[in-house]
Amino acid sequence: MSTPVRVRFAPSPTGPLHPGGVRTALFNYLLARQTGGTFILRIEDTDQTRFVPGAEQFIIESLEWCGMKFDEGVHVGGPHGPYRQSERKAMYRQYADQLIAAGHAYYAFDTEEELEEMRERLKKANVASPQYNSITRVNMKNSLSLPADEVQRRLDAGDPYVIRFKMPRNEEVRVKDIIRSWVVVNTSQLDDKVLFKSDGMPTYHLANVVDDYLMKITHVIRGEEWLPSTPLHVLLYQAFGWEAVMPQFAHLPLLLKPDGDGKLSKRDGDRLGLPFYAINWTSPETGETTLGYRESGYFPEAYVNFLALLGWNPGDNREIFSLEELVQAFSLERVNKHGARYDFTKLNWFNQQYLRNRPHAELAEMVVPQVLAAGHMVDMDFLTEAIRLMNERMTLVGDFYKMSQYFFEAPTTYDEEVVAKRWKAPVPAFIEKLQAAFAGLNSWDAASCEAIFNETATAMELKPGQLMQAYRLAISGQGAGPAIFELTALLGRDQIVARLAAALNTLGHG
Ligand code: GLU
């Protein structure tokens, strides 16, 4: 086994966790379990303006539902806590000061208006992306451009300031990414990012790097959208003198729309009328609830299996993996860099596979509430058998009752197309004969029912195959369904005989 990793999932609690976030957590989790390492949940809430109440709990619950357990984190504690950055506030200042002392960062006193003016000025001069950088900083109000006594005076007077990273003017930064190999960026492309804000909070960049260092993170596995920030992070490791313990980076490919171009968004789920989040999300602003996969009746195993194959493949054509099997098979080297399509229908396919493999008795337990809600008594043997007949036809456990209502009550309507096509002479005469034959049958099981059905047809010089759909229509109201004689056996003689009589009554004797 390879060396145990220390990995973290580091979401910002700015809203419900997207599928991309769940997949990021999953890949971190898989690597941690595979190497006997540590999986950490760190909440990055330094941007208080974007804080959304309930988001943190939502993240924890979503991942718990998926079966991912953290070894350290906000909700479980651990030796490197606290794990919520707002609670670590006091720890960051010294690192910002260390960078200032070493000449890698500086104070900047510019007001919002002054920053805006700079951007306007640069835009007028046709600068494509106006930035606070090694060129523009000399015209701004900061500790590099102002005389030392003025800087001191402002600091003493308590003037608001931020601390910015002093981006070198023209250097190459080389980032080694496990998935993308070397990414090389020239620092002239990068700006003097704010590391520490006037409210006393670090920004994402400073807090993220400092915490990865303090928490002894070995691998940073995160979404592709963070790749542009990584050169700065690498420079920060260098500026702190922490290169020797710099984590390895792996940036995961984007999740793309199921169709068309662009990034996956919640609107894609809305458009298709399908869930998007792992579990129900209730917006604290509008009170509106968005249905989750959990509440829609998806199996967490199916969801996890589906997510694992978005951007990763095992190198062969296996598709079905339990979480344990994923732990064994996973490797970052097999994650590709191209965006992965989020194909909702594929998730349904996975769910079907898991549904087929579940013990019938267990599924029967799961559908009890649906049956009770429809006002029927529950007989577990009957339900288990109904599941056996129906499970290959279902996508979700929640589909059971709506697809199987005729197991519990006689049909009151009959599919009109099938009626028009099938309910004509000599069918009604056959159904009448069949009714009598069933009534007199000695043993009631699928084979005997099938045999008497065939005999009755043959006696009338009819082909059983041509009568089958009409018979199904008479007992279920529908033109398609599960194995017909097994259904017949399960419903029982009284039901079948009564349903045939009712069909003759409603649809006519021909
Ligand atoms: N807080 C960042 C996020 O919300 C974390 C990025 C990272 O993993 O470094 O995704």
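The rules behind these values
- Residues numbered from 1 in each chain as written.
- Predicted model: local features only at pLDDT ≥ 70, side-chain atom pairs only at ≥ 80, totals over all residues.
- Heavy atoms only, no water.
- Helix = DSSP H or I, 4+ residues; strand = E, 2+ residues; numbered from the N terminus.
- Rg over C-alpha atoms; globule rule 2.2 N^0.38 Å.
- Buried < 20%, exposed > 50% of the residue type's maximum accessible area, 1.4 Å probe, protein only.
- Contact = heavy atoms within 4.5 Å.
- Areas by Shrake-Rupley, 256 points an atom, 1.4 Å probe, with all protein chains shown as cover.
- Lys, Arg positive; Asp, Glu negative; His and termini not counted.
- Charge placed at Lys NZ, Arg CZ, Asp CG, Glu CD.
- Salt bridge = Lys/Arg side-chain N within 4 Å of Asp/Glu carboxyl O.
- Polar contact = N/O pair within 3.5 Å; in protein donor to acceptor, adjacent residues only side chain to side chain.
- Pairing = 2+ DSSP bridges.
- Axes fitted to C-alpha atoms, helices over the stretch in contact; angles between N-to-C directions.
- Near = heavy atom within 4 Å.
- Nonpolar A, V, L, I, M, F, W, Y, C, P; charged D, E, K, R; others polar.
- Right-handed = clockwise from strand over helix to strand, strands pointing away.
- Core = buried A, V, L, I, M, F, W, Y, C linked by side-chain atoms within 4.5 Å.
- Phe/Tyr/Trp six-rings, centres within 6.5 Å; stacked < 30°, edge-to-face > 60°.
- Lys NZ or Arg CZ within 6 Å of the ring centre and 35° of its normal.

Q: Help me get a handle on the overall build of the protein chain, residues and values and all.
A: Along the protein chain, the regular secondary structure elements total 21 helices and 14 strands. Over its C-alpha atoms the protein chain spans a radius of gyration of 33 Å, topping by over 25% the 24 Å that the globule rule assigns to 510 residues. Summarising its shape, the C-alpha atoms of the protein chain cover approximately 110 × 55 × 35 Å along the three principal directions. For the protein chain, with 510 residues in total, the buried portion stands at 50%. The long-range share in the protein chain, meaning contacts at least 24 apart out of those at least 6 apart in sequence, stands at 73%. Only carbon and sulfur atoms are counted for the fraction: they give 50% of the accessible area of the protein chain, which is about 23,800 Å². Looking at the protein chain, you have 53 positive and 64 negative side-chain charges, and the mean spots of the two groups are 5 Å apart.

Q: Tell me about the side chain of Arg222, and name the residues and values.
A: Inspection of the secondary structure assignment puts Arg222 in strand E9 (residues 219-223). One buried charged residue, Arg222, remains without a salt bridge, the closest side chain of opposite sign being Asp212 at 5.4 Å. Only 3.1 Å separates the side chain of Arg222 from the side chain of Tyr204, close enough to count as a polar contact. Among the polar contacts made by the side chain of Arg222, one reaches the side chain of Thr230 at a distance of 3.1 Å. Discounting residues that sit within four places of it in the chain, Arg222 has contacts with Arg8, Thr24, Tyr204, Asn208, Thr230, His233, Phe249, Ala250, His251 and Leu252.

Q: Explain unusual backbone geometry to me, using residue names and the numbers behind them.
A: For the peptide bond that leads from Gly81 to Pro82, omega is -10°, which places it in the cis range. Tracing the backbone through its elements, the reader meets Pro82 in the loop between strand E3 (72-73) and helix H3 (89-101). We note that Ser181 has phi near 65°; this positive angle belongs to a residue other than glycine. Within the secondary structure, Ser181 sits in strand E7 (residues 181-186). The exposure class assigned to Ser181 is partly exposed, which follows from its relative accessible area of 40%.

Q: Describe the sheet that holds strand E8 (residues 194-196), naming the residues involved and giving the relevant values.
A: Neighbouring strands of a sheet are bound in pairs by backbone hydrogen bonds; such pairs are parallel or else antiparallel. If you trace the 3 strands from one edge of the open sheet to the other, you get E4-E5-E8, paired in antiparallel fashion. Both edges of this open sheet fall to strand E4 (105-108) and E8, since each of them pairs with a single strand only. Adjacent strand axes in the sheet meet at a mean angle of 45°, parallel and antiparallel pairs treated alike. By the bridge criterion, 2 bridges tie strand E5 (residues 162-165) to E8 in an arrangement that is antiparallel. When the bridges of E8 are listed, Ile163 appears paired with Phe196.

Q: How would you sum up the side chain of Thr38? Please name residues and give values.
A: Considering the arrangement of structural elements, one finds Thr38 in strand E2 (residues 38-41). In this structure Thr38 touches Val5, Arg6, Val7, Ala32, Asp71 and Glu72, once residues within four positions along its chain are discounted.

Q: Help me get a handle on the site of the ligand, residues and values and all.
A: With respect to spatial proximity, the complete set of residues near the ligand consists of Arg8, Ala10, Pro11, Ser12, Glu44, Tyr204, Asn208, Arg222 and Trp226. Between Arg8 and the ligand, the recorded distance is 2.8 Å, taken from a side-chain N or O atom to an oxygen atom. At 3.0 Å from an oxygen atom of the ligand is found a side-chain nitrogen or oxygen belonging to Tyr204. For the ligand, whose unbound accessible area comes to 290 Å², protein coverage reaches 85%. Grouping the constituent residues of the shell around the ligand by class yields 4 nonpolar, 2 polar and 3 charged.

Q: Tell me about the environment of Asn505, residues and numbers included.
A: Positionally, Asn505 belongs in helix H21 (residues 493-507). In the structure, Asn505 is positioned 57 residues away from Ser448 in sequence and 26 Å away in space, judged by C-alpha atoms.

Q: How would you sum up the pairing of E2? Please name residues and give values.
A: Burial along E2 is two-sided: Thr38 and Ile40 and Phe39 and Leu41, pointing in opposite directions, are all buried. Pairing analysis gives 4 bridges linking strand E1 (residues 6-9) to E2, with the strands arranged parallel. Within E2, the residue paired with Val7 across the bridge is Phe39. In this region the chain leaves E1, passes through helix H1 (residues 19-34) and returns to the parallel neighbour E2; the handedness of that crossover is right-handed. A crossover connection joins E2 to the parallel E3 through helix H2 (residues 55-66); in handedness this β-α-β unit is right-handed.

Q: Can you explain the nonpolar core? Please cite residues and give values.
A: Of all hydrophobic cores here, the largest spans 110 residues; its most connected members are Tyr303, Tyr342, Phe400, Phe407, Trp423, Phe438 and Tyr471. Per-element tally for this core: the top contributor is H1, with 8 residues. Residue contacts for Phe407: discarding those within four places in its chain leaves Phe382, Ala386, Leu389, Met390, Pro482, Leu487, Leu490, Leu491 and Arg499.

Q: Can you break down the packing of aromatic side chains residue by residue, with the values?
A: All told, the structure shown has 35 aromatic pairs when counted by the stated rule. Ring centres of Tyr107 and Tyr161 lie 5.0 Å apart, and the angle between their planes is 85°; this geometry places the pair in the edge-to-face category. With a gap of 54 residues between them, Tyr107 in strand E4 and Tyr161 in the loop between helix H5 (148-156) and E5 connect regions that are remote in the sequence. Counting every residue linked through ring pairs, the aromatic cluster contains Phe58, Phe276, Tyr277, Trp281, Phe306, Tyr342, Phe344, Trp349 and Phe350. Against the face of Trp349 rests Lys346, its NZ or CZ located 4.5 Å from the ring centre.

Q: A description of the pattern of salt bridges should follow, citing residues and the corresponding values.
A: Working definition: two side chains of opposite charge can pair if their charged atoms are close together. Inspection of the entire model under this criterion finds 33 salt bridges. Salt-bridge contacts for Asp192 lead to Arg137; the nearest nitrogen and oxygen are separated by 2.6 Å. Taken as a pair, Asp192 in the loop between E7 and E8 and Arg137 in the loop between helix H4 (112-124) and H5 lie far apart in primary sequence, 55 residues in all. Where Asp268 meets Lys257, a salt bridge forms, and the shortest distance between an N and an O atom there is 3.1 Å. You can see Asp268 sitting in helix H8 (residues 266-272) and its partner Lys257 sitting in the loop between strand E11 (255-256) and H8, a full 11 residues away along the chain. Connected through salt bridges with shared partners, the residues Arg8, Arg42, Glu44, Arg88, Asp211 and Asp212 form a single ionic network.

Q: I'd like a description of the pairing of E9, backed by residues and values.
A: With 5 of its 5 residues buried, E9 lies for the most part within the structure. In the sheet, E9 pairs with strand E10 (residues 248-252) via 5 bridges, with the strands oriented parallel. Within E10, the position partnered with Ile221 by the bridge is Ala250.

Q: Explain helix H10 (residues 300-308) to me, and be specific about the residues and the numbers.
A: With 8 of 9 residues buried, H10 is to be regarded as a mostly interior element. All buried positions along H10 are accounted for by Pro300, Ala302, Tyr303, Val304, Asn305, Phe306, Leu307 and Ala308. For H10, the secondary structure elements touched by its buried residues are H1, H2, helix H9 (293-296), helix H11 (323-329) and helix H12 (344-357).

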